[in-house]
Amino acid sequence: MGVLIGWSLLQLAQFYWIDWFFVGFVRLGILFILLVLLIQTIIKLLKERKTQPVWRSTQLLLFGCLLYYSISPGLVNRYIEKADWMLLYNQRIKVVKQVEAGQLYPDSNGFCQLPSRLFPLSESDEISISKDPENGNLSVIFYIYRGFFEGSTTSYVYTTNQKSIDRIEERSRINPHLNRKLRENWYRTSTKDFPPV
């Protein structure tokens with residue numbers, strides 16, 4: 001049970017707090033530990049095969065599943081992302097209202113630093129704000145994963161800009177797994193196959 005709790009906490013830490021550069025090293029460490037535990041459990045199970053303890057088989061199944069989900073973390077990250085969207089949606093709405101009211105505004109590069117939180121609303125507590133002074137259209141980007149260099153960026157986008165909405169909806173038709181409408185004016189986008197919005 002302790003391994004499951006520790007693994008779960010590390011998955012949350014990778015999603016929210018560990019810098020992207022170190023995530024690979026953390027994953028390698030997790031894989032190594034789980035592989036050692038799995039091999040150790042197999043050896044103990046083979047030694048105890050005459051008594052065949054159920055808890056040892058359960059341990060083997062648990063370590064095997066954790067190893068599988070550690071090798072392909074996409075599924076776990078998807079569930080964390082869905083929970084993050086549901087649990088922090090109202091906080092993101094408050095941020096958008098503050099931007100609309102002029103309480104939060106972008107710096108010269110179009111970014112705004114949010115106050116630090118235990119579970120950040122955007123990676124590095126930084127959002128991107130784009131406001132058209134002529135027609136009042138607003139776009140606020142909350143980063144889920146910010147790919148630096150050549151990596152892709154995944155984000156929640158709030159926008160009232162019809163051009164942005166049209167681009168996102170076109171992306172949604174091409175790749176609905178990565179780009180989709182969440183609610184009115186809210187989208188989940190990824191630049192994996194496309195340039196930024």
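Above this text sits the structure in question.
These numbers come from a predicted model, not from an experiment. (Residues numbered from 1 in each chain as written. Predicted model: local features only at pLDDT ≥ 70, side-chain atom pairs only at ≥ 80, totals over all residues. Heavy atoms only, no water.)

It is not clear to me how unusual backbone geometry should be interpreted in this structure. Could you clarify?
The general pattern is negative phi for most residues beyond glycine and trans for most peptide bonds. Residue D125 is not a glycine yet carries a positive backbone phi of 55 degrees. Along the chain, D125 falls in the loop between β1 (111-113) and β2 (126-131). In this model, N185 sits at a positive phi of 70 degrees, which is unusual for a non-glycine residue. By the element assignment, N185 lies in the loop between β5 (180-183) and β6 (186-190). Under the relative-accessibility criterion, N185 is labelled buried at 18%. (Helix = DSSP H or I, 4+ residues; strand = E, 2+ residues; numbered from the N terminus. Buried < 20%, exposed > 50% of the residue type's maximum accessible area, 1.4 Å probe, protein only.)

What is the right way to read the pairing of strand β3 (residues 138-145) from this model?
Counting buried positions along β3 yields seven of eight residues, so the element is predominantly enclosed. Alignment of β2 against β3, held across five bridges, turns out to be antiparallel. Bridge pairing links S128 to I141 in β3. What sits between the antiparallel neighbours β2 and β3 is a turn of six residues, in which G136 has the positive phi angle 80 degrees. (Pairing = 2+ DSSP bridges.)

Looking at this structure, how should I read a nonpolar patch on the surface?
Together, W20, F21, F22, F25, L28 and Y145 give the surface a local cluster of nonpolar side chains, amounting to about 650 Å² of exposed area. Within the fold, L28 resides in helix α2 (residues 20-47). (Patch = residues over 30% accessible without salt bridge, like charges linked within 9 Å, V, L, I, M, F, W, Y side chains within 5 Å. Areas by Shrake-Rupley, 256 points an atom, 1.4 Å probe, with all protein chains shown as cover. Salt bridge = Lys/Arg side-chain N within 4 Å of Asp/Glu carboxyl O.)

How should the packing of helix α1 (residues 2-16) against helix α3 (residues 54-71) be read in this particular structure?
Packed helices, taken two at a time, are described by the angle their axes make and the gap between the axes. Where α1 meets α3, the axes come as close as 11 Å, and the angle between the chain directions of the two elements is 10 degrees. Our classification of the angle between α1 and α3 gives roughly parallel. Taking contact as the criterion, the partners of V3, L4, W7 and Q11 in α1 are, on α3, L62, F63, L66, Y69 and S70. Split by residue class, the contact of α1 with α3 holds seven nonpolar, two polar and no charged. (Axes fitted to C-alpha atoms, helices over the stretch in contact; angles between N-to-C directions. Parallel < 35°, antiparallel > 145°, perpendicular 65-115°, else oblique. Contact = heavy atoms within 4.5 Å. Nonpolar A, V, L, I, M, F, W, Y, C, P; charged D, E, K, R; others polar.)

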